[in-house]
Every structure is written in C-alpha cells, then in structure tokens.
Amino acid sequence: MPDAQSRFASLQSGEADIIWDDENDADNIMKAQKDPKLTVHTYKGSGAQVYAFNTKVAPFDDVRVRQALVMAIDRPKMSQAISNGLSRPASNPYGDGSWVKCKDDGALPFDVEKAKALIKDYGKPVEFKMLVTATPRGRMIGQVLQQFWKRVGANMEIEQVDQATIPSRAFTRQFQLTPWRIVDLADPDPQMYANFRSGSPLALSGFSNPELDKLLDHARVTADLGQRTEDYCAISRLINKEAIWFWTFQNTYYALSSAKLKGFPKIYNGVIDVSNTWLE
C-alpha cells in the first residue's frame, strides 16, 4: 500500500497488524499515540537528511553563497511546516543514534541578517536550481527552502524529477543543489569517506581539502574511539565551516502497530523486522 492513509486505515480496521510510517505523515503518528489499541514504535537512528552543493559551479563555487543559504534555514520552523514539529533538526551528519557525540560540531547559526550581508558581499545575483523529487513531499520541502532563501535575496527554482533520476544526476554532477541522505549505519566511516574524500566518485560536491582528507584517513585507521570521535567532530566542523553540504533533520524511523503485537526490535535503518514478533 503506497498511500499512507490507506496503510493507516488498514491498521485501524485490523486488516494489518503493523505498518511503516515516517514523520511526514505526522497526523497518523499523533492519532496512533492517542489510541490505546495502537502502539507507536520509534527509533532515533544515526545519519541525517542532507543536501549537497556542487562547489564546481556558480554560485556555489563561492563559500559566501553556501554559508548564506545554510544560515537562512530555520529548521524548527521547517519541521513545523512539513511534519508538525516531529522532524528533529540536525547540525551534523551523525545523529542521536551514533556513538559520535560532538560538544562542538561547528554548525552555522540561523542568522537572516548575516545571510543577507553575505549575499550582498557576493555582489552578484544568486540564482540556481534545486533538484527535488516529483512528489508532494519533495515539492513541499522545496517550497519551504525556496521561501527561506528568497527572504535573504537568493532565488531558487525548483526542478522536479523522478526519484530514480536523482542518483544518476548526482553521480554525474548534473546539478547545482541536490537532496541526499546519510543512512543509519553502525560506523560513520563508509559514508563519510565516500562522500568527502578527495577523488571519491561519490564526493558529490567536488570539494577537495587536504585537512579534511587527513582527518578522514586517520579516522579509519585508529582503533581509539575517543580519537575517532575527535576526528569526526573536526570533520563536521570543517564541512559546516565550508558549507559544502548541509543537514536538515536527523533520521527517525517509525512503525505503527496493534498494541497486541509484541517483541518488535529496534528499526535499524528503517527496516521493519518481524521475524521474532508475536500477537498476544
């Protein structure tokens, strides 16, 4: 059942015992929380919903423009607009489910006036296209960001494409700004190295920095968890400072079930594993 309302109706009627859901269907989750016959299963994973700038093309070849757009984003307001506040703002790629905990991740502050000043200092019109999925969710997110950026003097055109088109466009660098995701994995190395190491075919931004490469290399060869945490927090600070990617919300996974369903495990990476569940 691809339609969220149909899934939820099947759960309420007893036709289904458990369904997948996410914070973009916030009304269903909130209804389930108030229904004693239902249970909401929540897992706060690692990773985040992210966006990558192509730093090889204008206007994102200038750090001032990238920083301005990041500083123009009001994540709590965005969360309220798209998920009734359920989406949890992210300031780094690790998330609550990761063992990487940063006292300082270098997140740029929400600051409309500073963003306007950076755009003015840039001195040229800031106009660009952003890829979004051709879905109601994709359009809504695009429109919210579009309004944030318009407020600081940047004009974004929404380019709606099929979901399957985004990876091919991203890997061939046929974009100015594209959505992406850091998924929920036990260790940050595979994704961080692939996404940010110079020369990696998956380094979508085309950004190269010797200090970043050194941190990525060191983080994968030392066994000291404290040192690895320092490395990954330093990596976050550098990425945030250069604003080559930005993070909007942490990964949170939901399943809604009958209250009679028992033994349901954590929803790692959004996978609903019912192999050891039972009904009372």
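Described in the following lines is the structure provided in the data block.

Rules used throughout
- Residues numbered from 1 in each chain as written.
- Predicted model: local features only at pLDDT ≥ 70, side-chain atom pairs only at ≥ 80, totals over all residues.
- Heavy atoms only, no water.
- Disulfide = S-S within 2.5 Å.
- Helix = DSSP H or I, 4+ residues; strand = E, 2+ residues; numbered from the N terminus.
- 1 Å grid on protein atoms, 1.4 Å probe; cavity = no way out; pocket = protein on both sides within 12 Å on 5 of 7 lines; lining within 4 Å.
- Points joined across faces, edges and corners; volume = space filled by probe spheres on them.
- Core = buried A, V, L, I, M, F, W, Y, C linked by side-chain atoms within 4.5 Å.
- Buried < 20%, exposed > 50% of the residue type's maximum accessible area, 1.4 Å probe, protein only.
- Contact = heavy atoms within 4.5 Å.
- Phe/Tyr/Trp six-rings, centres within 6.5 Å; stacked < 30°, edge-to-face > 60°.
- Lys NZ or Arg CZ within 6 Å of the ring centre and 35° of its normal.

### Quick word on the state of the cysteines
And step 1. Counted under the stated rule, the structure contains one disulfide.
And step 2. Here Cys-102 is linked by a disulfide to Cys-233, with a sulfur-sulfur distance of 2.0 Å. Note on the Cys-102 and Cys-233 pair: the S-S dihedral is about -95°, so by sign convention the disulfide is left-handed. Residue Cys-102 is found in the loop between helix H4 (75–83) and helix H5 (112–122), and its partner Cys-233 is found in helix H10 (residues 225–242); the two are separated by 131 residues along the sequence.

### Examining empty space enclosed by the protein
And step 1. Within this structure, the stated rule accounts for one cavity of 30 Å³ or more.
And step 2. Of the voids in this model, the largest cavity is the one considered here, and its volume is about 70 Å³.
And step 3. Forming the boundary of the largest cavity are Ser-46, Gly-47, Pro-93, Tyr-94, Ser-98, Ile-182, Val-183, Leu-185, Asp-187, Pro-188, Gln-191 and Met-192.
And step 4. Listed by contribution, the elements that provide at least two residues to the lining of the largest cavity are strand S2 (38–53) and helix H8 (189–196).

### Focus on the nonpolar core
And step 1. Met-78, Phe-128, Met-130, Leu-145, Trp-149, Leu-177 and Phe-246 are the most contacted members of the largest nonpolar core, which totals 34 residues.
And step 2. Only S2, helix H3 (63–71), H4, H5, strand S3 (126–133), helix H6 (136–151), strand S4 (154–161) and strand S6 (245–258) provide two or more residues apiece to this core.
And step 3. Setting aside its immediate chain neighbours within four residues, Phe-128 contacts Pro-59, Phe-60, Leu-69, Trp-149, Ala-154, Asn-155, Met-156, Glu-157, Gln-176 and Leu-177.
And step 4. By size, the runner-up hydrophobic cluster in this structure holds 29 residues, among which are Ala-48, Tyr-94, Phe-175 and Leu-216.

### Remarks on the packing of aromatic side chains
And step 1. Within the structure shown, the criterion is met by 13 aromatic pairs.
And step 2. Members of the aromatic cluster, connected to one another through ring pairs, are Tyr-51, Phe-53, Phe-60, Phe-128, Trp-149 and Phe-246.
And step 3. Of note, Arg-220 hangs over the ring of Tyr-193, and the distance from its end group to the ring centre comes to 3.6 Å.

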